[in-house]
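# Structural features, examined
Chain by chain, the residues run as shown.
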Amino acid sequence: MPQNEIISPELARHLSELARELNRQLGVLINRKGEIESLVVGDSSRLMLPDIGRARAGQFRLRGLRLVHTHLKGEPLTHDDLTDLALLRLDLIAAIAVRPDGLPGAIDYAHLLAENPKGELWKLDRLAHVNAADIGLGQLIAGLESELSRSAKAQKIGDRERAILVGLSTRGRQAAEESMAELRELAHSAGVEVLDCLIQARREVDQRYFIGRGKLQDLVLRSMQKMATMIIFDADLLPSQARHIADETSLKILDRTQLILDIFAARATSADGKLQVELAQLKYLMPRLVGRDTSLSRLMGGGVGGRGPGETKLEIDRRRARERINALEKKLRSIADSRAIRRQKRGRRDLPVISIVGYTNAGKSTLLNALTHSDVLAESKLFATLDPVSRRLRFPREREVIITDTVGFIRDLPADLVNAFRATLEELQQADLLLHVIDASDPRFEEQCAAVEKILGELDLLSTPRLRVFNKCDLLPKGTALPPDGVAISAVERSGFPTLLERAERILWREGHSDALVTNASLSTDDAPDDETDSVPGDATCDFDVSDTPDDLNAPRVPDALDG
Ligand SMILES: Nc1nc2c(ncn2[C@@H]2O[C@H](COP(=O)(O)OP(=O)(O)OP(=O)(O)O)[C@@H](O)[C@H]2O)c(=O)[nH]1
Ligand SMILES: [Mg+2]
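Residues numbered from 1 in each chain as written. Chains lettered and ligands numbered in written order. Predicted model: local features only at pLDDT ≥ 70, side-chain atom pairs only at ≥ 80, totals over all residues. Heavy atoms only, no water.

## What about the packing of helix α11 (residues 364-372) against helix α15 (residues 497-510)?
Relative orientation of the contacting elements α11 and α15 amounts to 90°, with a least axis distance of 12 Å. By the angle between their axes, α11 is roughly perpendicular relative to α15. On the side of α11, the interface is formed by L367, A370 and L371, while α15 contributes F497, L500 and L501. Across the contact of α11 with α15, the residue classes break down as 6 nonpolar, no polar and no charged. (Axes fitted to C-alpha atoms, helices over the stretch in contact; angles between N-to-C directions. Helix = DSSP H or I, 4+ residues; strand = E, 2+ residues; numbered from the N terminus. Parallel < 35°, antiparallel > 145°, perpendicular 65-115°, else oblique. Contact = heavy atoms within 4.5 Å. Nonpolar A, V, L, I, M, F, W, Y, C, P; charged D, E, K, R; others polar.)

In structure tokens:
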């Protein structure tokens, strides 16, 4: 017989009388056949439900159980009640008001809702009396489940991760929004579908749950309704926060560093690159593998070599991780050594080296391609390039240089990642000139410049001559003012190149490079890169000369801070 009542009048009366007598809340978990699966005894104001397991992420079915319990003071459903409804994906939750005489009064009940325009999570209702508890329950639940599954299908739940992004506005709203915009790009680059971005106003970070427990619960409820599979935090969570949050939710939790590491992991193609990313990932993961159980296992696992009987899976994973870290570090050290030897063997190079550095997505690869007619992957994703690429670049008068493209930088680049990529980045020490490519069309470019310089400082590269290259000027309105210490170009339109090359040449051959040929800089533009640009109309988009007529080389230039 289909279950149409929330609870039978007899059972409601028994529960109610008993609850009044004991002065405790009582609850029953009832399955769809109307059988009681558990009886729960609480104190006067709340119940502690048995562990029936949390709902799985992205799941649309309901639990097949409803919770009917007593409220001694006739209070309506509480926030905790509703949280249980959602997190446990109960069919329904109901509270029977127990009257002073022990008889059951009104019943408040709620059930979940499928995603709706108003974003409501549940529907609350009330029955005046237990004798009227026939609400067509069976049909209601069947209808709800089919609605939930329809909405899941409409959302084309596929293999892609679906995330809600969460940030805090501790450093002000605007900073939070800008940071969130970047996190969204990172998520996009990682192939994650972004369902929603939430910025929570909060003055301080919650030590345990980052956004606070109540907010976290709300967030979990919202993510269940939107069928999210993960939450990405716009911050680096402390290992303890990551653990507390994971305990509280059944969703995947990622922070900004992990997201960046994920992108690197997916992008790494060379053997070195893969090793470096794996090392960085393991190092970041290690402190997060310390589960609660491990302290116990450390106490119990005192056998020889630590292989005690109490060793938990976590402990084993940690040990494996540590072994792997050691092995990786050893391998990477030997790679670094052999690179150093190779460098030494090469000794004094014949050719000067120009290295392109800059924030991710600034257009470094596009510039290398345009200058050298090659086709290094360039795309509108963050960290498109991971492995360094070198090409020869011919300057006029048979001068040649090596030009290299490197991995992009980002604000707060994870320290483990910088360290892991140290071997790659050490190649930058070889550079005679760093071309710092800047996406001048990005409103955040000043901040990005500062982030790049910070990392260059950490890599001890601030003494290497550096030229700032303001790229993507084609996207700027004509006459936009840019800081007066660089060259304005458009790598896509190949404009501004003669000025760029001339400035680079002046730095390389006039600043006492070992093979310097200090000559009059009467440049010709007869070489390959410039041939291309000659056909580009000299359409200055900035205050700088981005036009490409050879005459412009003699035009007054913006003072070069690096020349002095
Ligand atoms: N409008 C415009 N777009 C550009 C210019 N230069 C590069 N882009 C675009 O910017 C995006 C990123 O270019 P990439 O060359 O991949 O940038 P990158 O600095 O190598 O990026 P990572 O390797 O990810 O660090 C691509 O979509 C390019 O087409 C430019 O001068 N103007
Ligand atoms: Mg690139």
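Moving on from the coordinates now.
## A word on the sheet that holds strand β8 (residues 193-200)
Think of a sheet as strands paired side by side through backbone hydrogen bonds, with each pair either parallel or antiparallel. The 4 strands are arranged β8-β7-β9-β10 in an open sheet whose pairing can be described as parallel. Looking at strand neighbours, the two that pair on one side only are β8 and β10 (252-255), the edges of this open sheet. In this sheet, adjacent strand axes meet at a mean angle of 20° when their direction is disregarded. Pairing between strand β7 (residues 162-168) and β8: 7 bridges, direction parallel. Pairing of V166 across the sheet is with L198, part of β8. (Pairing = 2+ DSSP bridges.)

## A short note on α11
Counting buried positions along α11 yields 8 of 9 residues, so the element is predominantly enclosed. Along α11, the positions that sit buried rather than exposed are K364, S365, L367, L368, N369, A370, L371 and T372. Note on α11: the residue one or two positions beyond its end, H373, has a positive phi of about 55°. (Buried < 20%, exposed > 50% of the residue type's maximum accessible area, 1.4 Å probe, protein only.)

## Description of the site of ligand 1
Not every one of the 23 residues close to ligand 1 is listed here, only the nearest: K364, T366, F383, A384 and D474. S490 places a polar side-chain atom, nitrogen or oxygen, 3.3 Å from an oxygen atom of ligand 1. For ligand 1, whose free accessible area comes to 650 Å², the fraction covered by protein is 88%. Element by element, the count of residues in the shell around ligand 1 is highest for α11, at 3 residues. Looking at the shell around ligand 1 residue by residue, the classes come out as 8 nonpolar, 10 polar and 5 charged. (Near = heavy atom within 4 Å. Polar contact = N/O pair within 3.5 Å; in protein donor to acceptor, adjacent residues only side chain to side chain. Areas by Shrake-Rupley, 256 points an atom, 1.4 Å probe, with all protein chains shown as cover.)

## Topic: the packing of aromatic side chains
Tallying each qualifying case throughout the model produces 3 aromatic pairs. Between the aromatic rings of F395 and W509, the centroid separation amounts to 5.7 Å while the plane-to-plane angle is 70°, which identifies the pairing as edge-to-face. Pair noted here: F395 is in the loop between β12 (389-394) and β13 (400-405) and W509 is in helix α15, with a separation of 114 residues, a long-range link. Between F445 and F470 the ring centres are 5.9 Å apart and the planes differ by 75°, which places this aromatic pair in the edge-to-face class. Here F445, found in helix α14 (residues 445-458), pairs with F470, found in strand β15 (residues 466-471); they are 25 residues apart in sequence, far enough to count as distant. F470 shares its class with F445; the two are buried. The positively charged end of R399 is found above the aromatic ring belonging to W509, 4.4 Å away from the centroid. (Phe/Tyr/Trp six-rings, centres within 6.5 Å; stacked < 30°, edge-to-face > 60°. Lys NZ or Arg CZ within 6 Å of the ring centre and 35° of its normal.)

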